[in-house]
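So you can see what is in the structure, the chains are spelled out below.
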Amino acid sequence: MDKPPDSDRVGLSRRGVLQGGAGTLLGAAAMLWGEGGVARLRAQDSIEPTPLPATDPRYPMPPTWSRELRKLAPNVYAYTQGGAPNVRFRGISNAGMIAGDDYLLGIDATQGPIPAKAFIAAAKQATGKDFGRLVNTHHHGDHVNGNQFFTHAEILGHPYCRAEVVKAVASTPKMWSPTPGVADVAEERRLVPPSVTFKDDLTYFIGGTEVQFRFAGPAHTWGDMMAYLPQHKILFTGDVGFFWVAPLANNSYISKWVETCDKIAGWDVDVIVPGHGPIGGKKDLAAMADYFRVLGVEARKRYDAKMTPGAACAEIHLGRFDNWISPEHLLANVVRYYAEWDNTLTPDYDAAAVREATIEYNQIKAGARKTGEIVPLRRMEEMAKEAC
Ligand SMILES: [Zn+2]
């Protein structure tokens, strides 16, 4: 039931920053305004902490929710990461667990030693059992990096998920480095790919619970799996669902992702556990699809006007979605929409295009003295490595 640590709370409004609350940032921002060049903008990598962008009081703010193992139905649990308005998104994924007679079936492994071990310990405490199976909903690091801690579990995923994890093995560091919320000490790190693959419609009957794994892709990635529990009308979407957190389309086929959300709207579902954000339901998934619809309209106007993605992002407002956590995901999302419209979309993250868009966006925001909206390049580049 931990609340997000206070150290993550960035309590400065943009006005507070401009009144002198963050000297480091002001200094850096002044440098940006003075020069305005790309080389200077690269110095933004050292800007910490970053104030959050101003929020719009006309629209609701995200709720506060806890890191907890929550029982949703007999033998069915969600493990959510905490979050709140004005707390920086750390990208650690939610997870799930279904208890059988002999073992636990897990859904996603989270990001690293701290959340994975906490999830495993909470599951053991609640049920007295260990994990025997683990399904990765997709290949992103915050869902698979904890695989190594599920030591006695057979790990399953879509063939695309396995292929991407296998590709990432060589570049994975050999040790965990201490990272807030992810790892507290240096310890051995191994990226473990799924050893079993399946393409669609795999059903477990475990301890009286029917768990249907359904292929959802291409959507958030080309290998998305969701877990549907028809008896309880519960759906674990993996990252097909982002609730109150701006969705991140770094590897996505956005228009197909929206189609998947529309399809789910017709399913018999009451409770949805998203990959990121608090537990919700169909209205939350519909809201996320609306984020992409609104963004699609706004980005398309600017695409048709031949604006670059970075310049487009600097202008775009999304109304009620501007208050969602991690608004900087907009940059990757617009780059992705542009690729779709250019017919150049591939399953891979276009890190260079997102970097270019971020630099241009920051130049425009710095010129307009909107320091709270500057996005550290490092944050966008971390997405390429530990993508959510
Ligand atoms: Zn993801």
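This section reports on the structure supplied with the text. (Residues numbered from 1 in each chain as written. Predicted model: local features only at pLDDT ≥ 70, side-chain atom pairs only at ≥ 80, totals over all residues. Heavy atoms only, no water.)

Turning to helix α11 (residues 351–367), a few remarks are in order. When the terminal C-alpha atoms of α11 are compared, their 24 Å separation across 17 residues agrees well with the 24 Å that a helix rising 1.5 Å per residue should span. Those residues of α11 that fall on the buried side of the exposure criterion are V354, A357, T358, I359, Y361, N362, K365 and A366. Downstream of α11 by a residue or two, R369 has a phi angle that is positive, lying close to 60°. (Helix = DSSP H or I, 4+ residues; strand = E, 2+ residues; numbered from the N terminus. Expected span 1.5 Å × (residues − 1). Buried < 20%, exposed > 50% of the residue type's maximum accessible area, 1.4 Å probe, protein only.)

Turning our eyes to something else, we now look at the environment of P218. Assignment of secondary structure puts P218 in the loop between β11 (209–215) and β12 (225–229). Residues P218 and W257, spaced 39 residues apart in sequence, show a C-alpha to C-alpha distance of 6.8 Å. Residues contacting P218, with those up to four places away along its chain left out, are Y253, K256 and W257. (Contact = heavy atoms within 4.5 Å.)

Look at any regular strand and the pattern is simple: side chains alternate between the two faces of the sheet. Burial of strand β5 (residues 131–135) is extensive: 4 of the 5 residues sit out of reach of the surface. Across 3 bridges, the pairing between β5 and strand β6 (residues 154–157) is parallel. Looking at β6, one finds that R133 is bridged to E154. (Pairing = 2+ DSSP bridges.)

Turning to the pairing of β6, a few remarks are in order. Where β6 lies against strand β9 (residues 196–197), 2 bridges are found, and the strand directions are parallel. The partner of G157 across the bridge, within β9, is T197.

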